[in-house]
Amino acid sequence: MTHKHHAGCGCLAALSRRHLIGFGLGAAAVAAAGPALAIDDGYEAMLMKCIDPRFTTDTWKYMTSRGWQNKYSQFNIAGGPIAAVAPIFQEWRAAWEANLDISVQLHNVKRLIGMAHRDCGAAALAYGDRIKTDRAFETEMLSQGLRAFRDQANKRQPQLIVELGIMDLNGTVETVA
């Protein structure tokens, strides 16, 4: 089924005025959303990744190579999936969890892709400066963080298939089991 959306994906239309005010968007956003739009039939996946601009194109290429061009949503925050689990970023967790829940509700995502990357400043804040100079340590710490991310996501949304990867500076992705 195809939907024509003139006001984005319809996310705002599915929220009540109270929710929008709670998000700080107020009545102007309600007016901008126009008439109620249908909830999306579903995206294949949701990508959780870091805000680092060096990886924007490569993560898009990765998702497109999976056949998911225009079939995934994403949540970007410093550290990506590491920010969802590292104690130093605890204050951010509620935003991530709320976004995951609403993405599942509105977009019927089937899988969650947690993509960490090499040379991540947020990961260095979370795990220490050794991560910058010891590739084996970096791999181990990112892998541990990604597994914790998967465990957390499975508790919150157990129906999701969670896939994990570490993207290198050249765009290649190492899968984490």
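What you see is a predicted model; the values in this text were computed from it and never measured.

### Observations concerning the packing of helix α4 (residues 93–107) against helix α7 (residues 135–156)
Next, step 1: Where α4 contacts α7, the axes come no closer than 11 Å and their chain directions differ by 55 degrees. Taken together, the axes of α4 and α7 lie oblique to each other. As α4 runs across α7, the sense of the crossing is right-handed. Residue-level contacts link Arg93, Trp96, Glu97, Leu100 and Asp101 of α4 to Phe149, Gln152 and Arg156 of α7.
Next, step 2: Of the residues contributing to the contact of α4 with α7, the split by class is 3 nonpolar, 1 polar and 4 charged.

### Overview of the nonpolar core
Next, step 1: Grouped together as the largest cluster of nonpolar side chains are 34 residues, with contacts concentrated most on Met48, Trp96, Leu112 and Phe149.
Next, step 2: Listing elements by their share of this core, those giving two or more residues are β1 (45–49), α4, β3 (111–117), α5 (121–127), α7 and β4 (161–167).
Next, step 3: Sort the elements by how many residues they give to this core and α7 lands first, with 6 residues.
Next, step 4: Setting aside residues up to four positions removed in sequence, Trp96 forms contacts with Met46, Met48, Phe75, Ala84, Leu112, Phe149 and Gln152.
Next, step 5: Counting 9 residues, the second-largest nonpolar core is a separate cluster that includes Ala45, Leu47, Met63 and Met167.

### Considering the packing of aromatic side chains
Next, step 1: All told, the structure shown has 3 aromatic pairs when counted by the stated rule.
Next, step 2: Measuring from centroid to centroid gives 4.7 Å for Phe89 and Trp92, while their planes differ by 20 degrees, and the two rings are stacked.
Next, step 3: Note on Trp92: relative accessible area 31%, which makes it partly exposed.
Next, step 4: Taking 5.6 Å as the distance between ring centres and 35 degrees as the angle between the ring planes, the aromatic pair formed by Trp96 and Phe149 counts as tilted. Linking Trp96 in helix α4 with Phe149 in helix α7, this pair joins segments that are 53 residues apart in sequence.

### Regarding the environment of Lys61
Next, step 1: Tracing the sequence through the fold places Lys61 in helix α3 (residues 56–65).
Next, step 2: Relative accessible area serves as the criterion here: at 47%, Lys61 is assigned to the partly exposed category.

### Topic: the state of the cysteines
In protein structure, a disulfide is the covalent linkage between the sulfur atoms of two cysteines.
Next, step 1: Applying the stated criterion across every chain yields a total of 0 disulfides.
Next, step 2: Left unpaired, Cys50 is separated from the closest cysteine sulfur, that of Cys120, by 4.1 Å.
Next, step 3: Judged by relative accessible area, Cys50 falls into the buried class, the value being 8%.
Next, step 4: Judged by its relative accessible area of 8%, Cys120 falls in the buried class.

### Focus: α4
Next, step 1: The end-to-end C-alpha distance of α4 is 21 Å, a good match for the 21 Å that 15 residues give at a rise of 1.5 Å each.
Next, step 2: Buried within α4 we find Arg93, Trp96, Leu100, Ser103, Val104, Leu106 and His107.
Next, step 3: On its buried face, α4 is in contact with β1, β2 (72–76), β3 and α7.
Next, step 4: Once α4 ends, the next one or two residues include Asn108, with phi positive near 50 degrees.

### Let's talk about the pattern of salt bridges
Next, step 1: Scanning the entire structure with this criterion turns up 12 salt bridges.
Next, step 2: A salt bridge links Glu174 to Arg118, with the nearest nitrogen and oxygen atoms 3.1 Å apart. Highlighted residues: Glu174 in strand β5 (residues 173–176) and Arg118 in the loop between β3 and α5, separated in sequence by 56 residues.
Next, step 3: Bridged by salt links that share partners, the residues Glu44, Arg66, Arg111 and Glu163 form one connected network.

Basis of the calculations
Every chain is numbered on its own, with residues counted from 1 as its sequence reads. Since the coordinates come from a predicted model, pLDDT governs what is reported: local features require at least 70, and pairs of side-chain atoms require 80 or more to be given and counted, while whole-chain, interface and lining totals use all residues. Water and hydrogen atoms play no part in the side-chain values, which are based on all heavy atoms of the structure. Geometry is summarised by axes, namely lines fitted to C-alpha atoms with helices restricted to the contacting stretch, and by angles between N-to-C directions that run from 0 to 180 degrees. Starting at the N terminus, helices and strands are each numbered in turn, a helix being any DSSP run of H or I of at least four residues and a strand any DSSP run of E of at least two. The labels follow the angle: roughly parallel below 35 degrees, roughly antiparallel above 145, roughly perpendicular from 65 to 115, and oblique for the rest. Each crossing gets its handedness from the near helix: less than a right angle anticlockwise from the far helix is left-handed, clockwise is right-handed. Whether two residues touch is decided by their heavy atoms; if any such pair falls within 4.5 Å, the residues are in contact. In this classification, the charged set is Asp, Glu, Lys and Arg, the nonpolar set is Ala, Val, Leu, Ile, Met, Phe, Trp, Tyr, Cys and Pro, and all remaining amino acids, among them Gly, are polar. Within this scheme, the nonpolar core is defined by two criteria: the residues are buried Ala, Val, Leu, Ile, Met, Phe, Trp, Tyr or Cys, and they are joined through side-chain atoms within 4.5 Å. Exposed residues in this analysis have more than 50% of their type's maximum accessible area, buried residues have under 20%, and partly exposed residues fall in between, with area computed by a 1.4 Å probe over protein chains only. When two rings of Phe, Tyr or Trp (its six-membered ring) have centres within 6.5 Å they constitute a pair, described as stacked for plane angles under 30 degrees, edge-to-face for angles over 60, and tilted for the intermediate range. Disulfides are defined as cysteine sulfur pairs within 2.5 Å. A helix is expected to span 1.5 Å multiplied by its residue count minus one. Salt bridges are defined by distance alone: a side-chain nitrogen of Lys or Arg within 4 Å of a carboxyl oxygen of Asp or Glu.

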